[in-house]
Amino acid sequence: MSFATNDSATKQSAGVAITAEEIAESGSTASEAVANYAVQLGDDALMLGQRLSWWISRAPELEEDIALGNIALDLVGHARFFLTYAGTAWGKTEDQLAYLRDEEEFRSARLVEAENGDFAKTIARQLYYSFYSYELYTRLVDSKDETLSAIANKALKEVLYHQDHAAVWLNRLGLGTEESARRMQAGLDELWPYVGELFYDDENTAELAGQGIAVLPSSLEEPTLERITRAITEAGLEVPTSPTARGLDRSGATSEWRGYILAEMQVLARRYPEAQW
Amino acid sequence: MAENTTTLAAVASEEDAAGQENFDRLIAEDSRIEPRDWMPPAYRKSLTRQVSQHAHSEIIGMQPEANWITRAPSLKRKAILMAKVQDEAGHGLYLYSAAETLGTPRDVLNDQLLQGKAKYSSIFNYPARTWADMGAIGWLVDGAAICNQVPLCRASYGPYGRAMVRICKEESFHQRQGWEILYSLSHGTPEQKQMAQDAVNRFYGPALQMFGPPDEDSPNSKQSMAWKVKRFSNDELRQRFVDMIVPQAEALGLTLPDPDLKWNEERGHYDFGELDWDEFMSVIKGGGPMNVQRMARRVQAHEDGAWVREAAAAYARRQAEQNQPAKTQLIGA
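Residues numbered from 1 in each chain as written. Chains lettered and ligands numbered in written order. Predicted model: local features only at pLDDT ≥ 70, side-chain atom pairs only at ≥ 80, totals over all residues. Heavy atoms only, no water.

- In the nomenclature of an unreviewed UniProt entry, chain B is known as 1,2-phenylacetyl-CoA epoxidase subunit A of Micrococcus lylae.

- Looking at an unreviewed UniProt entry, chain A carries the name Phenylacetate-CoA oxygenase subunit PaaI, with the source organism given as Micrococcus lylae.

Put into structure tokens, the structure is as follows:
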């Protein structure tokens, strides 16, 4: 099947934009290696979507309930695309992957698993993740894997808005009041040690990158950090210098957060694993 | 001095008389009152209260459903629920904007909510305990809201009526998604069907009470109908809702918890049993299971966000100053 690649996300009709259902029905089957890569991308989006969705009904302004909710909704959408595609390798659905995998089977980075904290910390995470994912998707659109390329193309249009949202708030908080600058700096500092994990080259991804299918994570480090550094500096804040936290393999071996997220997210689906919802 | 005051009062009253005449004519013609038109102070006050209460209901109403976003049992359901709760925040925004055209700013209306001076729909003071409650809220609560709100699209106050047109379009999606959740559950495992039935049992009575007290106990309705804000009485709307949901419940394969519910051939409507109005009054007065928690969460979100709003305001001021070279003010010149 072919996916539309031209229109902007906001101008696309529902009939033109790709859906998780279309990926499932397309007949394209991911290889084991591609599926493992797709799981990694999908898990990042899912965990962040899950975390962000907590803000709906708790944000500082109604407009932010809507904005953060909308970003979370986009991310859950990205997760659905990637997990649906990954599932084609194993005969599993997106929901079987999201709801019936155990902690050690997830491949999310700790950055997206971290607790929301205050609004500034949430914005810090949005800054790091949206700038990273922008760099990722601008390259993944050229993937030799047609489905990954189509997903990246759709996601990229949305991530542009996510970046904009994060950058605007970084400025408002960095250049707002003394308190907001202090909190924004604290949020940036607290999450900085987990940024490095995004750029770790695991064996599978490195191999796929060599075949022109995946994007080599380490290749994203310089462009991402260069732009993040500029944004932080322009907001009158300091680029953190703390070391990267050990444990870069996304295995969950160094995360205490993942279990709590899954306990909440999976509770109902696990209680009735055979049920359709 | 005394003479001047008398003259001014006379002019004002002449203006009022002309304004009242124009207002009465617009209402009689079934035409629309717009923000700049003269309107009786009681009309302005009553509409401000109604529209802002409606807005508050949308905002508090986000909470019971947001409660299930993180636990939704499939990714598709999660996405749909997020979109729905987002719509509710959007409805709150349109409605606060409509209320602002009557002269009261959004932050004042918001303060009234936070200080407990303004009401919101009592239905949201009930807990959303299970996933099936997402279905029952969509089907029954949004369904009742639609019955109430479709006639409000023709409300005499223009901005309110126009806001309702858009809101009703989205509400009808919400109702369908609720019905569809319940349909999946009632056609699923026995445990799922039981979950659906339990949710319907809990939400049926409170949903019927969303139309307000019986007509004989609803003194404000008459004036509101004379102003053509409200078009049908509480009891008329409640009957319309019951007539709508009975066949829908049958299609779901679920029962409604009312032994007196039966078709009345003569009236051409379903008869239904007396509702528990003592419970209704007690929930309105703050005694519902969730009144305190709903308010506490709204107040906390507002307080936790104070520093963010201050920062945004400070940043906006700074930007405005930078974009517009400061003018030298000669104080006392």
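After that view of the structure, there is still more to cover.
### Considerations on the overall build of chain B
Link 1 in the chain: Looking only at helices and strands, chain B has 13 helices and 2 strands in total.
Link 2 in the chain: Counting only C-alpha atoms and orienting by the principal axes, one finds that chain B spans roughly 85 × 55 × 35 Å.
Link 3 in the chain: The buried share of chain B, taken over its 333 residues, is 51%.
Link 4 in the chain: Summarising the internal contacts of chain B: among those between residues at least 6 apart in sequence, 77% fall at separations of at least 24.
Link 5 in the chain: Per element, the accessible surface of chain B, about 16,300 Å² overall, is 54% carbon and sulfur.
Link 6 in the chain: Within chain B, one finds 38 positive and 44 negative side-chain charges whose respective centroids are separated by 6 Å. (Helix = DSSP H or I, 4+ residues; strand = E, 2+ residues; numbered from the N terminus. Buried < 20%, exposed > 50% of the residue type's maximum accessible area, 1.4 Å probe, protein only. Contact = heavy atoms within 4.5 Å. Areas by Shrake-Rupley, 256 points an atom, 1.4 Å probe, with all protein chains shown as cover. Lys, Arg positive; Asp, Glu negative; His and termini not counted. Charge placed at Lys NZ, Arg CZ, Asp CG, Glu CD.)

### Considering the overall build of chain A
Link 1 in the chain: Along the backbone of chain A there are 11 helices and 0 strands.
Link 2 in the chain: Starting at the N terminus, the α and β elements of chain A follow one another as α-α-α-α-α-α-α-α-α-α-α.
Link 3 in the chain: Computed over the C-alpha atoms, the radius of gyration of chain A is 18 Å, within 12% of the 19 Å expected from 2.2 N^0.38 for a compact globule of 277 residues.
Link 4 in the chain: Dimensions along the principal axes, computed over C-alpha positions, put chain A at roughly 55 × 40 × 40 Å.
Link 5 in the chain: Across chain A, every contact between residues at least 6 apart in sequence was considered, and the portion connecting residues at least 24 apart equals 79%.
Link 6 in the chain: Element-wise, carbon and sulfur atoms account for 48% of the exposed surface of chain A, whose accessible area totals about 11,200 Å².
Link 7 in the chain: Taking the 24 positively charged and 45 negatively charged side chains of chain A as two groups, their mean positions are separated by 2 Å. (Rg over C-alpha atoms; globule rule 2.2 N^0.38 Å.)

### Digging into the packing of helix 4 (residues 75-100) of chain B against helix 5 (residues 106-114) of chain B
Residue and element names in this part refer to chain B.
Link 1 in the chain: The N-to-C vectors of helix 4 and helix 5 enclose an angle of 115 degrees; their axes lie 9 Å apart at closest approach. Between helix 4 and helix 5, the angle falls in the class roughly perpendicular. Crossing of helix 4 over helix 5 shows right-handed handedness. Contact residues: Leu-93, Tyr-96, Ala-99 and Glu-100 in helix 4; Arg-106, Leu-109 and Leu-113 in helix 5.
Link 2 in the chain: Broken down by class, the residue content of the contact of helix 4 with helix 5 amounts to 5 nonpolar, no polar and 2 charged. (Axes fitted to C-alpha atoms, helices over the stretch in contact; angles between N-to-C directions. Parallel < 35°, antiparallel > 145°, perpendicular 65-115°, else oblique. Left-handed = near helix turned anticlockwise from the far one by under 90°. Nonpolar A, V, L, I, M, F, W, Y, C, P; charged D, E, K, R; others polar.)

### Considerations on the pattern of salt bridges
Link 1 in the chain: Applying the stated criterion across every chain yields a total of 28 salt bridges over all chains.
Link 2 in the chain: We note a salt bridge from Arg-106 of chain B to Glu-61 of chain A, for which the minimum N-O separation is 3.4 Å. One end of the pair, Arg-106 of chain B, is in helix 5; the other, Glu-61 of chain A, is in the loop between helix 2 (32-53) and helix 3 (62-90), on a second chain.
Link 3 in the chain: Of the residues examined, Glu-61 of chain A reaches a relative accessible area of 32% and is grouped as partly exposed.
Link 4 in the chain: If you follow the salt bridges from partner to partner, you end up with Glu-21, Arg-80 and Glu-94 of chain A together with Lys-76 of chain B in one network. (Salt bridge = Lys/Arg side-chain N within 4 Å of Asp/Glu carboxyl O.)

### Notes on the interface of chain A and chain B
Link 1 in the chain: Facing 48 residues of chain A, the contacting portion of chain B comprises 45 residues.
Link 2 in the chain: Where chain A abuts chain B, roughly 4,000 Å² becomes buried across the two surfaces, and 67% of that area is made up of carbon and sulfur atoms.
Link 3 in the chain: Of all residues in chain A, the largest losses of buried area upon contact with chain B belong to Ser-57, Leu-62 and Trp-277 of chain A, amounting jointly to 19% of the total for that side.
Link 4 in the chain: Taken together, the links from chain A to chain B amount to 3 salt bridges. (Buried area = accessible area lost by both parts, 1.4 Å probe.)

### Looking at the environment of Arg-231 of chain B
Residues and elements named next belong to chain B.
Link 1 in the chain: Relative to the elements of secondary structure, Arg-231 occurs in the loop between helix 9 (219-226) and helix 10 (234-252).
Link 2 in the chain: Counting along the chain gives 10 residues from Arg-231 to Ser-221, while the straight-line C-alpha distance between them is 9.4 Å.
Link 3 in the chain: At 3.0 Å, the side chain of Arg-231 forms a polar contact with the side chain of Asp-30.
Link 4 in the chain: Here Arg-154 takes part through its backbone oxygen, which lies 2.6 Å from a polar atom of the side chain of Arg-231. (Polar contact = N/O pair within 3.5 Å; in protein donor to acceptor, adjacent residues only side chain to side chain.)

### Examining the side chain of Thr-84 of chain A
Residue and element names in this part refer to chain A.
Link 1 in the chain: The residue Thr-84 is located in helix 3 in this model.
Link 2 in the chain: With a relative accessible area of 7%, Thr-84 lands in the buried category.
Link 3 in the chain: For Thr-84, the side chain forms a polar contact with the main-chain oxygen of Arg-80, separated by 2.6 Å.
Link 4 in the chain: Aside from chain neighbours lying at most four places away, what touches Thr-84 is Ala-20, Ile-23, Ala-24, Ala-79 and Glu-94.

### Notes on the packing of aromatic side chains
Link 1 in the chain: One pass over the full model with this rule turns up 16 aromatic pairs over all chains.
Link 2 in the chain: Residues Phe-23 of chain B and Tyr-43 of chain B carry aromatic rings whose centres are separated by 4.9 Å and whose planes lie at 75 degrees to one another, so their mutual orientation is edge-to-face. Taken together, the positions of Phe-23 of chain B in helix 1 (residues 2-28) and Tyr-43 of chain B in helix 2 (residues 41-60) put the pair 20 residues apart, joining distant regions of the chain. Residues Phe-23 of chain B and Tyr-43 of chain B agree in their burial class; the two are buried.
Link 3 in the chain: Linked through ring pairs, Trp-54, Trp-55, Phe-119 and Trp-169 of chain A together constitute an aromatic cluster.
Link 4 in the chain: One Lys or Arg, Arg-71 of chain B, reaches over the ring of Trp-68 of chain B and ends 3.8 Å from the middle of that ring.
Link 5 in the chain: In this structure, Arg-240 of chain B packs its charged tip against the face of Phe-232 of chain B, placed 4.2 Å from the ring centre. (Phe/Tyr/Trp six-rings, centres within 6.5 Å; stacked < 30°, edge-to-face > 60°. Lys NZ or Arg CZ within 6 Å of the ring centre and 35° of its normal.)

### Brief notes about the nonpolar core
Link 1 in the chain: Counting residues in each nonpolar core, the largest one holds 176 residues, and the members touching the most others are Leu-127, Tyr-128 and Tyr-137 of chain A together with Trp-131 of chain B.
Link 2 in the chain: In terms of residues, this core owes the most to one element, helix 3 of chain A, which gives 13 residues.
Link 3 in the chain: In contact with Trp-131 of chain B, not counting residues within four places along its chain, are Leu-268 and Trp-277 of chain A together with Trp-68, Ala-72, Pro-73, Arg-77, Leu-81, Ile-181, Leu-185 and Met-195 of chain B. (Core = buried A, V, L, I, M, F, W, Y, C linked by side-chain atoms within 4.5 Å.)

### What to know about the confidence of the model for chain A
Link 1 in the chain: Scored by pLDDT, chain A has a mean of 94; 94% of the residues are at 70 or more.
Link 2 in the chain: Per-residue pLDDT stays below 50 along residues 1-15 of chain A; that stretch engages in 26 contacts with residues further than four places along the chain or on separate chains. (pLDDT = per-residue confidence, 0-100.)

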